[in-house]
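Residue-level listing of the chains:
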Protein chains: 6
Amino acid sequence: MNLIEEFNAYRAKMNDKILGEDNLVIKRFFNLDTNTYAAGELDVKTKEMIGLACSMVLRCDDCIKYHLGKSHEAGLKKEEIFEVFSIALVIGGSIVIPHLRRAVEYWEELTNH
Amino acid sequence: MNLIEEFNAYRAKMNDKILGEDNLVIKRFFNLDTNTYAAGELDVKTKEMIGLACSMVLRCDDCIKYHLGKSHEAGLKKEEIFEVFSIALVIGGSIVIPHLRRAVEYWEELTNH
Amino acid sequence: MNLIEEFNAYRAKMNDKILGEDNLVIKRFFNLDTNTYAAGELDVKTKEMIGLACSMVLRCDDCIKYHLGKSHEAGLKKEEIFEVFSIALVIGGSIVIPHLRRAVEYWEELTNH
Amino acid sequence: MNLIEEFNAYRAKMNDKILGEDNLVIKRFFNLDTNTYAAGELDVKTKEMIGLACSMVLRCDDCIKYHLGKSHEAGLKKEEIFEVFSIALVIGGSIVIPHLRRAVEYWEELTNH
Amino acid sequence: MNLIEEFNAYRAKMNDKILGEDNLVIKRFFNLDTNTYAAGELDVKTKEMIGLACSMVLRCDDCIKYHLGKSHEAGLKKEEIFEVFSIALVIGGSIVIPHLRRAVEYWEELTNH
Amino acid sequence: MNLIEEFNAYRAKMNDKILGEDNLVIKRFFNLDTNTYAAGELDVKTKEMIGLACSMVLRCDDCIKYHLGKSHEAGLKKEEIFEVFSIALVIGGSIVIPHLRRAVEYWEELTNH
């Protein structure tokens, strides 16, 4: 199983368990999170780039994978993704680099899929 | 070996090595850390819920595992744990979600043990 | 104007402006945030202590002030508050200390009010 | 002196002092930081929104002010800015709220200028 | 009152209040914190530079002021301090810059004192 | 393959891919990052200890591994490394402990190599 399938399968399995619990605050948060990235004043591409950059400066590998997947679906191309990476790197500093390495590996899998 | 045994074995092995070194500041910190969660003005359940929530907003998987184990020992039930999760999620935002997934998986192992 | 009035006045004024805008995600987030601290499986005191500790380890002075105010309203006493402080200090380390100083000053104003 | 003039004056004065020192790494970092936001694969508006969102989730008030100023110069309108705010709020959680309050106040000054 | 006196006076006043409370964990943490920077395998200068750099990447202005004061007492010179700044800037990224500005202002006061 | 070879091989492979892309900001950042740790006003040992401590308080395992490797090459001995660990632990708090465990394991491999 490759990185993408592994990420998606675990994410789907655990989200089902979480939403299967009777906790209204968590359910509403998950719902709100989904709505946040729907097209509005900003288009989906822009929102996904913002989500990706924030995930990088906050150094959350799973969040990076999620937004890379969505960015790929939305049609963002490699040069644009690397420019997002560059902004996140300068803002977040050298501690972003290990996450950049894993992001580049995941993006490569997404585009070779 | 399941998640719980793996976590506990590595933690015990490495803590032994760390405390085996002759560094007084580190030894005293470890001792202080243990004392922090002893019953005092607040009971153990409350302290473990606080430790768990802080570990989630700081996004430290090993800290989450540790406090989930202690919360389970202290007799906290699933509905209470999920309410702690919900507070941490709203405070810390969507970057907490990947840690929530792993926390739910670990809690499930603890309660099926 | 003391610290408490200053904090509350600015918070109320700006929240009004924020909620006066037509952004549904922000409005729903604010609503969710309020609901999070309502009594449920955990009582209000416990939730406020969790909110306070998380605010300290995340080093957010305004969040600390808010939860200190709510903790005071909920009837938490000084010894309990200092035990929450002690947990946050050990988890978050010495960088929490400047926030602890300001928290103690604010708590003092709350209880002298 | 209003918030904008105060921010710009202090920033200019201290940047001059910093760049007046003979530290090559710092000088090169400042230069790289400036280049990062120049139009490339992404336009200036998109880059400023990314910079703004990252500044919010990292909770850096001065960085937020800087990118709000640049976003205003680039012609971003209020509805777009609030959508950036909403993404940062959901990603970063309720600890972003105090920074959101100050951001809204600064944006108001920028647009009333 | 200048920046240095203001910082030291507030720090001393609040530390007295904190240590005047009967919370043993907090007292022991403060004691441990002091011991950490005593000469041992590493000399005081090296420890203060480490404390300063960590304070910068964690973006804690009061911690930066404290370690700048101690670094000045220990005899570190401006070129060394700026090299510590440069390491912290590259590790922590552009969000360190606002803290760097305030650090340079405080260092200037320390050396003009 | 041990921890050291695994870390170095992945790091080298991904850095090649990243630098193989035509993104000037990223290339310049990587170059600046390398220059930061060259001997200047401070010697290499001091710079590596600073890099190590910052990596620990920022909780970046790969950054810790990198600076442990460089610290070992520079001739730092175990007692010095543990004193750096102790400073990072007190500054960053108990959330540093899981990273300390992995750091001690990696250091052990470096010195048994």
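Everything in this summary refers to the structure shown in the same document. (Residues numbered from 1 in each chain as written. Chains lettered and ligands numbered in written order. Predicted model: local features only at pLDDT ≥ 70, side-chain atom pairs only at ≥ 80, totals over all residues. Heavy atoms only, no water.)

1. What about the packing of helix H6 (residues 97-112) of chain A against helix H1 (residues 3-20) of chain F?
Where H6(A) contacts H1(F), the axes come no closer than 9 Å and their chain directions differ by 70°. One finds that H6(A) runs roughly perpendicular with respect to H1(F). By crossing handedness, the relation of H6(A) to H1(F) is classed as left-handed. Each of A:Leu100, A:Arg101, A:Arg102, A:Val104, A:Glu105 and A:Glu108 in H6(A) lies in contact with H1(F), whose residues at this interface are F:Tyr10, F:Arg11, F:Lys13, F:Met14, F:Asn15, F:Lys17 and F:Ile18. By residue class, the composition of the contact of H6(A) with H1(F) is five nonpolar, one polar and seven charged. (Axes fitted to C-alpha atoms, helices over the stretch in contact; angles between N-to-C directions. Helix = DSSP H or I, 4+ residues; strand = E, 2+ residues; numbered from the N terminus. Parallel < 35°, antiparallel > 145°, perpendicular 65-115°, else oblique. Left-handed = near helix turned anticlockwise from the far one by under 90°. Contact = heavy atoms within 4.5 Å. Nonpolar A, V, L, I, M, F, W, Y, C, P; charged D, E, K, R; others polar.)

2. A look at the relation of the copies chain D and chain A
When chain D is fitted to chain A, the best match, at an RMSD of 0.0 Å, comes from turning it 180° and sliding it 0.0 Å along the axis. Taken together, the turn and the small shift mark the pair as related by a two-fold rotation axis. When the interface residues of chain D are mapped onto chain A, 100% of them are again interface residues, pointing to one common binding face. (Least-squares fit on C-alpha atoms with pLDDT ≥ 70 in both.)

3. Quick word on the packing of aromatic side chains
Remark: the centre distance and the inter-plane angle together describe each pair of aromatic rings, the angle taken between the planes. All told, the structure shown has 15 aromatic pairs over all chains when counted by the stated rule. Pairing A:Phe7 with A:Tyr106 gives two aromatic rings, centres 6.3 Å apart and planes at 85°, and the pair type is edge-to-face. Here A:Phe7 is found in helix H1 (residues 3-20), whereas its partner A:Tyr106 is found in helix H6, with 99 residues between them in sequence. Overall, A:Phe7 belongs to the buried group, its relative accessible area being 8%. With a centroid separation of 6.3 Å and 75° between ring planes, the pair formed by D:Phe29 and F:Phe29 is classed as edge-to-face. Of this pair, D:Phe29 sits in helix H2 (residues 24-36) while F:Phe29 sits in helix H2 (residues 24-36), which puts the two residues in different chains. Each of the two residues, D:Phe29 as well as F:Phe29, counts as buried. (Phe/Tyr/Trp six-rings, centres within 6.5 Å; stacked < 30°, edge-to-face > 60°. Buried < 20%, exposed > 50% of the residue type's maximum accessible area, 1.4 Å probe, protein only.)

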